[in-house]
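Close look at the chain arrangement
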Amino acid sequence: MPYQNRRSSYTIFILIFVAIKVGLNLMAISHFGFHRDELLHLVLADHLDWGYKEVPPFIALLAKSTFMLFGHSVFAARIFPTIAGGLIVWLTGLITVELGGRRFAIALACLALIFSPAFAASDYLFQPVVFDQLWWVMAVWLLVKYCNTSSVKYLYILGMVIGVGMLTKYTMAFFTFALIIGLVFSKNRKLLINRHIIGAALLALFIFLPNLIWQFTHHLPVITHMKTLQEQQLDYNKPSDFIKQTLLDNGIALFVWLTGFMFLLFSFRLHKFQFIAVAFVLIFGFLLVMHGKPYYLFGAFPMLFAAGGFGFERWLKTSGYASRMAVITLFTIPNLIFFPMALPIFSINQTLAAIKFLNEKIPMTKFATTWEDHKQHPLTQNYADMFGWDTMTALAAKAWNELTPEQQKQTQIYADNYGDAGAVHHFGKQYNLPEVISLNSSFTLWAPDSLNAKYIIYVDDQGGKNIESFSSALESYRKIGEVDNPLAREYGTAVFLLVNPKAPLKERYAKELARKRLE
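In what follows, the accompanying structure is described. All of these numbers come straight from a predicted model, not from anything done at the bench. (Residues numbered from 1 in each chain as written. Predicted model: local features only at pLDDT ≥ 70, side-chain atom pairs only at ≥ 80, totals over all residues. Heavy atoms only, no water.)

Digging into the overall build of the chain
Rules: Per the convention used, a helix needs a DSSP run of H or I reaching at least four residues, while a strand needs a run of E reaching at least two, with both numbered from the N terminus. For the radius of gyration, the atoms used are the C-alpha atoms, and the globule rule reads 2.2 Å times the number of residues raised to 0.38. Partly exposed residues are those whose accessible area sits between 20% and 50% of the maximum for their type, while under 20% is buried and over 50% is exposed, using a 1.4 Å probe and protein chains only. Between two residues, a contact is recorded if the distance between any of their heavy atoms is within 4.5 Å. Counting rule for charge: Lys and Arg are taken as positive, Asp and Glu as negative, and neither His nor the chain ends is counted. Note on charges: their place is set at NZ of Lys, CZ of Arg, CG of Asp or CD of Glu.
Regarding its fold elements, the chain presents 24 helices and 5 strands. Compactness check: the chain gives a C-alpha radius of gyration of 25 Å against a globular reference of 24 Å for 519 residues, within 12% of the reference. Counting across all 519 residues of the chain, residues that qualify as buried make up 57%. The contacts in the chain between residues at least 6 apart in sequence include a share of 77% that link residues at least 24 apart. Separation between the mean location of the 44 positive side-chain charges and that of the 34 negative ones in the chain comes to 13 Å.

Describing the nonpolar core
Cut-off, in case you're wondering: By convention a nonpolar core is built from buried Ala, Val, Leu, Ile, Met, Phe, Trp, Tyr and Cys residues, the set being connected through side-chain atoms within 4.5 Å.
Among the nonpolar cores identified, the biggest contains 160 residues, and F17, F131, F273, F280, L297, F301 and F305 are the most heavily contacted of them. Considering each element in turn, this core owes the most residues, 15 residues, to helix α8 (residues 128–149). Counting residues in each nonpolar core, the second largest holds 18 residues, with Y414, L451, I467 and L474 among its members.

Let's talk about the pattern of salt bridges
This is how it is decided: Salt bridge, as used here, is a side-chain nitrogen of Lys or Arg placed within 4 Å of a carboxyl oxygen of Asp or Glu.
Throughout the structure, instances matching the rule amount to 15 salt bridges. Here E490 ties to R36 by a salt bridge, and the two come within 2.6 Å at their closest N and O atoms. In this pair, E490 is assigned in the loop between β4 (474–482) and β5 (494–501) and R36 in helix α2 (residues 36–43), connecting sequence segments 454 residues apart. Looking at E490, the relative accessible area reads 6%, which means it is buried.

Dropping the structure here:
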């Protein structure tokens, strides 16, 4: 059917699924506490710049907007991610329509996405991940829209989306490259022979340029960050594990996106969108070779869900209502059993019981509670990263309040990792604590040039092991307490009060700071 003669875009119908997605998030976003990464990204609101050690500036601007519009609570921090999650569902429905799908196709695609454990787990936290997914999905929708209409306005909007996407997460560059190569090897390669493509590319570059300049003026920290990530995490990821998790992350919805992938490759009705399947193969192959984490690929699945919805609709075009409902139920509803592992909709005790039950009855789910240390734990790593932060900050405040006002003027707070530092920064405001210092992650960018305090409140993420390496450079020290929640990933992290740090410790700090600033 010619594009111009298609039926309604099914706006109201798609909004039903957007409402389901938003509703599920609202049930969960106040449970547990801030995630480790959320605490880092929220800190950036107080240090606005065109770039940071590990992320571009978009998330910092969003953090600032969150504080101004909604406040400082866990619920407030997760409002924008929830909106982004709803928009991803919205765009998935729109892509399904552009591919030729109708109500059944839309319902299957959107519900497969909503109930996928991968998207339930990644689309509520205040992290760049959900916004990265949003720009990927929006880029595909704009490209598909352009294929259907030949209207160049979609190319320029695409350029804007790619530019903003690059300011959100650098993985946008890989996806854009994969889409371009996909077009080169498809029947739609003529779309690239267009002066407006160059205009859109220049627009994307113009939007991204401030961060690019920042990177060069700060010695390209993104390269150091990627190298460190590769050495400390990615090199331990086995290709076989990447493949297995890619197949498991979406649960039963695997059969929907696999169907979509096959239709994009081989269906005559979707032949002009074959570049989407090629792009998926390229980005999958790249991440496999680079030992990438499975969630890096999540942004590519909505386009496959859309094609899968279309594929099943073609197969069942002569089937009755009951058959279609059975298919939707079969490939979406069973994923609800995995929700306790993905979305904190229950209390912590109910969540622990549900995870234990799943691990015993469905052994394949154990990968979800296998942390980066490759060991099994009672909670997922995501959940464990949401506990202990308020306790840690309370201990730092206890140390602070034990000092006299005169001593407080000569006191600094130092934390070993960005999670600890982010927690003290965020929760410390209610205790009127001074700015926390850390040489981990982006905290290096605004760290003071020297340690010049008589007293240091020190957060040791090794529970006291780190302090042993410089205890000789202190007049004395004593332990204030430690995180005692065994469910917390920071379990055992201790807070110490250090007295009269000597020259060797100050020199060690200065050398480490100088090295980190060059990275």
